[in-house]
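Next come the chains, spelled out residue by residue.
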Amino acid sequence: MTINEALARLKKSEFRSRFHLSEKDKLYIAEKGLPVIREHAEDFVRRRLAPSEIPNDGRQTPMRGHPVFVAQHACACCCRGCFEKWYGVPKRVELSEIQQKGVVDLLMAWIKREIR
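Values in this document were obtained by computation on a predicted structure and should not be read as measured data.

(A) How the structure looks around the overall build of the protein. If you tally the helices and strands in the protein, you get six helices and zero strands. Counting from the amino terminus, helix and strand elements in the protein follow one another as α-α-α-α-α-α. Its C-alpha atoms give the protein a radius of gyration of 13 Å, near enough to 13 Å, the size a compact globule of 116 residues would have. The buried share of the protein, reckoned over its 116 residues, is 41%.

(B) Quick look at the environment of Ser 22. Along the chain, Ser 22 falls in the loop between α1 (3-11) and α2 (23-32). Note: C-alpha distance between Ser 22 and Ala 6 (16 residues apart in sequence) is 22 Å. A polar contact of 3.0 Å, which involves the side chain of Ser 22, links it to the backbone nitrogen of Asp 25.

(C) Quick look at the packing of α1 against helix α6 (residues 97-115). Where α1 contacts α6, the two axes come as close as 10 Å, and the packing angle between them is 65°. Judged by the sense of rotation from one axis to the other, the crossing of α1 with α6 is right-handed. Mapping the contact onto sequence places Ile 3, Asn 4, Ala 6 and Leu 7 in α1 and Asp 105, Leu 106, Ala 109, Trp 110 and Arg 113 in α6. Looking at side-chain class alone, the contact of α1 with α6 contains six nonpolar, one polar and two charged residues.

(D) Summary view of the environment of Phe 83. Secondary-structure assignment places Phe 83 in helix α5 (residues 80-87). Relative accessible area serves as the criterion here: at 5%, Phe 83 is assigned to the buried category. Apart from residues no more than four positions distant in its own chain, Phe 83 is found in contact with Leu 49, Ala 76, Cys 77, Gly 88, Val 89, Leu 95 and Val 103.

(E) Molecular detail of the packing of aromatic side chains. Following the criterion strictly, the structure yields three aromatic pairs and no others. For the cation-ring pair, Arg 48 lies above Phe 44, with the distance from its terminal atom to the ring centre recorded as 5.5 Å.

(F) Seen up close, a positive patch on the surface. A surface patch of positive charge is lined by Lys 11, Lys 112, Arg 113 and Arg 116. The topology assignment puts Arg 113 in helix α6. Classification of Arg 113 by relative accessible area gives partly exposed; the value is 42%.

(G) The arrangement of the nonpolar core in detail. The biggest cluster of nonpolar side chains holds 35 residues, and the ones touching the most others in it are Cys 75, Cys 77, Leu 107, Trp 110 and Ile 111. Those elements that provide at least two residues to this core are α1, α3 (34-48), α4 (67-74), α5 and α6. At eight residues, the largest contribution of residues to this core is made by α6.

Cut-off values and rules
Residues numbered from 1 in each chain as written. Predicted model: local features only at pLDDT ≥ 70, side-chain atom pairs only at ≥ 80, totals over all residues. Heavy atoms only, no water. Helix = DSSP H or I, 4+ residues; strand = E, 2+ residues; numbered from the N terminus. Rg over C-alpha atoms; globule rule 2.2 N^0.38 Å. Buried < 20%, exposed > 50% of the residue type's maximum accessible area, 1.4 Å probe, protein only. Polar contact = N/O pair within 3.5 Å; in protein donor to acceptor, adjacent residues only side chain to side chain. Axes fitted to C-alpha atoms, helices over the stretch in contact; angles between N-to-C directions. Left-handed = near helix turned anticlockwise from the far one by under 90°. Contact = heavy atoms within 4.5 Å. Nonpolar A, V, L, I, M, F, W, Y, C, P; charged D, E, K, R; others polar. Phe/Tyr/Trp six-rings, centres within 6.5 Å; stacked < 30°, edge-to-face > 60°. Lys NZ or Arg CZ within 6 Å of the ring centre and 35° of its normal. Patch = residues over 30% accessible without salt bridge, like charges linked within 9 Å, V, L, I, M, F, W, Y side chains within 5 Å. Areas by Shrake-Rupley, 256 points an atom, 1.4 Å probe, with all protein chains shown as cover. Salt bridge = Lys/Arg side-chain N within 4 Å of Asp/Glu carboxyl O. Lys, Arg positive; Asp, Glu negative; His and termini not counted. Charge placed at Lys NZ, Arg CZ, Asp CG, Glu CD. Core = buried A, V, L, I, M, F, W, Y, C linked by side-chain atoms within 4.5 Å.

Any functional reading would require information beyond the geometric quantities listed.
Structural data, given as C-alpha cells:
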C-alpha cells in the first residue's frame, strides 16, 4: 500500500479522520522544523511501536501532547493492535528498519497535509 492509498483509506474511517493538529501543534512544528519532528517520529516509532514486546501496548501513545502522537492515532500507528489491524503486520514481530521508515514516512506525510 502506498502512502497516498493509506491516507485515503484512513480518511474514510470515522474515528481516524477525527484527528487533526491543534494550533499549538502547528506552532510547535513551525518552531522546531520538520527535520526535528521527523527525528521525534523516528524515536517514537523505534521505542513505542517497533519492539516485538511492548509492555503497555495499547496505552503507550498519548492522544495529544506532541504532533507525532496525534499523527500516530490518525494513521493507526499508535499501538501494535491498530497497526496489525490496518496494515497486517503481526504483533510480537519486531519492525524492520525499512518498516519503521515506512511508518515515519506515513506520519510525516499526514503531518505535512495537516500544516498546509
